[in-house]
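# Structure assessment
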Amino acid sequence: MNNLLLRCLAVASICTGFLCLPQIAMSQTIDTSKVYQLDEVIISASRYAESPKTVGRNVSVITRAEIEQSVHLSVADLLAEEQSVHIVGNRQTPGSLQQGFIRNANSNHSLVMIDGVRISDPSTVNNAVDLSEISLLGVERIEIVRGSHSTLYGSSAIGGVVNIITKKNTQQGFGLNASTKNGTYGSDTFSTLNNLSLNYAMQNGLYVNAGLSQHYSKGLDATVDTATAPGAFNPQDRDNFNKLDLLAKVGYQTETWDVFASYRREDQTVDVDQGAFNDDSNAQTDFDRNLFNYGAAYQFSEQFELEYSGAYSNINRLFENDSSLVDAQGNYDGTYVETDAEGSLLENELTGQVSSNFIQASFGLESSIQKMNFRTYVYSRSQFGVFESTTDLDSLDLQESINSAFAHVELNGGLLTSSLQPFSLTLGGRFADHNEFGTHFTYEINPKVWVSDNTMIYGAVTTGYNAPSLYQLNTPEQSGSFTSLGNPNLKPEKSISYEAGFKQFLGDNVDFEISLFRTIAEDVIEYVYLWDSNTSVPNLTFNEYLGDTYINISEQDIKGIEVNLNVRPSPKFSYGGRLSVTESTLAFGPNDIDQSYTGGNHVQLFGNGKFVDNKEEIKGLTRRPKISALLKASYRPAASLKVSASSKFVGSRDDIFYSSSLGPFGAQDRTQVDGYNLTDIHVYYSINSQLSVTGKVENIFDANYVEINGYQTRGRGFFLKLSYGF
């Protein structure tokens, strides 16, 4: 800890030194106005505002106009159309678990933030956020940064970063925005989403925003019905979804001050089933999150800004499964299951930004504290009697703390000579101290050069890490004689990424980008079974089972290429496309096992059923496509009318299913899921400056496709949105 404090002081001293640098006067500077327009900026790539076109990484911004003119129901729906962002669950019945994979990294390897501060779900096994909980209420824009960004943002930022930025000050006076989105996405389904936002801004910079969002869906049956044989029974039902969000924000914004505090309440109820191909008419999940965001920034001068920001959130997830029907005669299984998971996250950070003609620097100190609790209750009554079981982790006081210091500096070649002004080099580093596994260091090296006013090439070498979850570290449950489920010896998952890119702009008419990347993630945590090593694998029985646990063991190697093209041949017409192609492997071997923890016993990976006796490599990562693409075109015959179409292709990928043949207890095996193509048409019409109407036909060819084996997907959908605002 003392070493970390010394390193933090060293980082702070280096950054403070930038304040003392004289502003170097040059007779010539780069005329960046030749390269980009200032009406679109991104903050997440560097922590200071810049155009997405000048960032030496693959980034994108979903703008306020795109959000307001769409008929999307959630943040996940918008993200699903972005390059190298694959969302599983967003095309199923609303409220289904929605996991995001950026550049095919694990779902918990992508960082999600609101107003620059991380949100998570510490009550889950892997700490990943369910994107279905995040509505578009109060959202100004969404920024996506692909690739590792742990130097700027710490844990989880291996595959990429999503920053959801909410609205701040607006034009003076009172404003109102109201919208209703209604539609259907299959036989006997209905969805309605109603938003109301109010804002008031004073001349002196004070503002108040408030909003309400209500989403109700009469959904599909979440699972596929396979009870087709004579006499077979499946208690099919419609799995409905009900969500209510509230938002309040107050702030003060001037040329020098930006202060705000906000409160967001998310409350949703989802009808759920027991699993793939396994319906249940009496199961539901209630989820709520209270999120408090706050911040204050002061612009001391054009060269220096200091910002404090933070957030506190607490979540509760209650799953309740009452006795379920088991036959057509009305008999129930006599089992009641209740799971109550709680979690909280407190984030605070102090950051500074320094700028001169040829230097842009960000530096800061951060503190993160996560807590979780987990309770289960099972009651079962049968002909053999009554069974009752209770698990409660409350007495363990499970808590994680991470303290960090980082510095991120972009140096322009003009520091040395005017001829080097087209060249810039970004360097960054972060020291983190975790209360369980100790210190960890990540770094970033990111050069870029403007070959011409409209052509940039860049490269990046970055490292990242992901802290093990509280559940993986501490869960005391023990199903065998050897070890508990939680493993306090877990190390962070760590990665190194390589990226090279090319950006070409032909005025405002053509944008072309291509990037190549490779990410190697090591010490990836897997859920495993342990079996007695005194018995050979082919002869194992239930008697040799020693328990289940989590260990660092596998390595993921993801290589890919991304291509993005946008063409605007006239003010009325535009078209473009996005393509992502990846190759992924999962490798593991006996040398990767912590034998002191497993006792030299047989290790079986539950995720694929393999016994780790030899070095092995498996191609592909589950539920992540090798190829994905999006083609889009839009036509604006008049200023008030815009017609657009998009066609999305998702390639084949491996899904998982339980196989009883893999070991005495069985494990997960793989099966291939076919690729699919979905085409949507979207029409936006502005009746006047206050009133607009938007229509959308989703999956116009009514394609039959699968996201996850055993779960339903939406058919052809029709949606209509009416918006009013002033």
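In this text the structure is predicted, and so the values were computed from the model without any measurement.

Regarding its fold elements, the protein chain presents 6 helices and 34 strands. Taking 27 Å as the expected radius of gyration for a compact globule of 726 residues, we find that the protein chain reaches 26 Å, a close match to that expectation. On the principal axes, the C-alpha backbone points of the protein chain span a range of 90 × 60 × 45 Å. Residue burial in the protein chain is summarised as follows: out of 726 residues, 53% are buried. Of the side chains in the protein chain, 51 bear a positive and 83 a negative charge, and the two mean positions are spaced by 8 Å.

Backbone geometry places Arg 47, a non-glycine residue, at a positive phi of 75°. Look at Asp 188: it is not a glycine, yet its phi comes out positive at around 60°. Given the relative accessible area of 44%, Asp 188 is considered partly exposed.

Next up on the list: the sheet that holds strand 1 (residues 59-62). Strand-to-strand pairing in sheets goes through backbone hydrogen bonds, with the strands running parallel or antiparallel. Reading across the sheet, the 5 strands line up as 1-6-7-4-5 and stay open at both edges, with mixed pairing between neighbours. With partners counted over all chains shown, the strands left at the sheet margins are strand 1 and strand 5 (117-119), one partner each. Each adjacent strand pair in this sheet contributes to an overall mean axis angle of 25°, direction not counted. Of the strand pairs in this sheet, strand 1 and strand 6 (residues 139-146) are connected by 4 bridges, and their pairing is antiparallel. The partner of Ile 62 across the bridge, within strand 6, is Ile 142.

Once that is clear, we can look at the confidence of the model for the protein chain. Mean pLDDT over the protein chain stands at 90; residues scoring 70 or higher make up 93%. Across the protein chain, the element-wise mean pLDDT spans from 35 in helix 1 (residues 2-19) up to 98 in strand 21 (residues 455-466). Here residues 1-38 is a poorly scored stretch, pLDDT under 50, and it has 51 contacts once near neighbours within four places are set aside; other chains count.

Before going further, it helps to examine the pattern of salt bridges. Under the counting rule described, the total for this entry stands at 42 salt bridges. Taking the shortest distance from any N to any O, the salt bridge between Asp 340 and Arg 375 comes out at 2.7 Å. With Asp 340 in strand 15 (residues 335-355) and Arg 375 in strand 16 (residues 359-382), the pair connects residues that are 35 residues apart, well separated along the chain. Accessibility expressed as a relative area gives 24% for Arg 375, which makes it partly exposed. Glu 698 serves as the salt-bridge partner of Lys 696, at 3.7 Å between the closest nitrogen and oxygen. Judged on exposure class, the residue Lys 696 and its partner Glu 698 are both buried. Sharing partners across several salt bridges, the network here consists of Arg 57, Arg 103, Glu 444, Glu 499 and Glu 562.

The subject of this paragraph is the environment of Val 112. Structurally, Val 112 is set in strand 4 (residues 110-114). Given the relative accessible area of 11%, Val 112 is considered buried. Remark: the alpha-carbon pair of Val 112 and Leu 131, spanning 19 residues in sequence, is separated by 9.1 Å. Excluding residues that lie within four positions of it along the chain, Val 112 makes contacts with Val 117, Arg 118, Ile 119, Leu 131, Ile 134, Val 162 and Ile 164.

Criteria and thresholds
- Residues numbered from 1 in each chain as written.
- Predicted model: local features only at pLDDT ≥ 70, side-chain atom pairs only at ≥ 80, totals over all residues.
- Heavy atoms only, no water.
- Helix = DSSP H or I, 4+ residues; strand = E, 2+ residues; numbered from the N terminus.
- Rg over C-alpha atoms; globule rule 2.2 N^0.38 Å.
- Buried < 20%, exposed > 50% of the residue type's maximum accessible area, 1.4 Å probe, protein only.
- Lys, Arg positive; Asp, Glu negative; His and termini not counted.
- Charge placed at Lys NZ, Arg CZ, Asp CG, Glu CD.
- Pairing = 2+ DSSP bridges.
- Axes fitted to C-alpha atoms, helices over the stretch in contact; angles between N-to-C directions.
- pLDDT = per-residue confidence, 0-100.
- Contact = heavy atoms within 4.5 Å.
- Salt bridge = Lys/Arg side-chain N within 4 Å of Asp/Glu carboxyl O.

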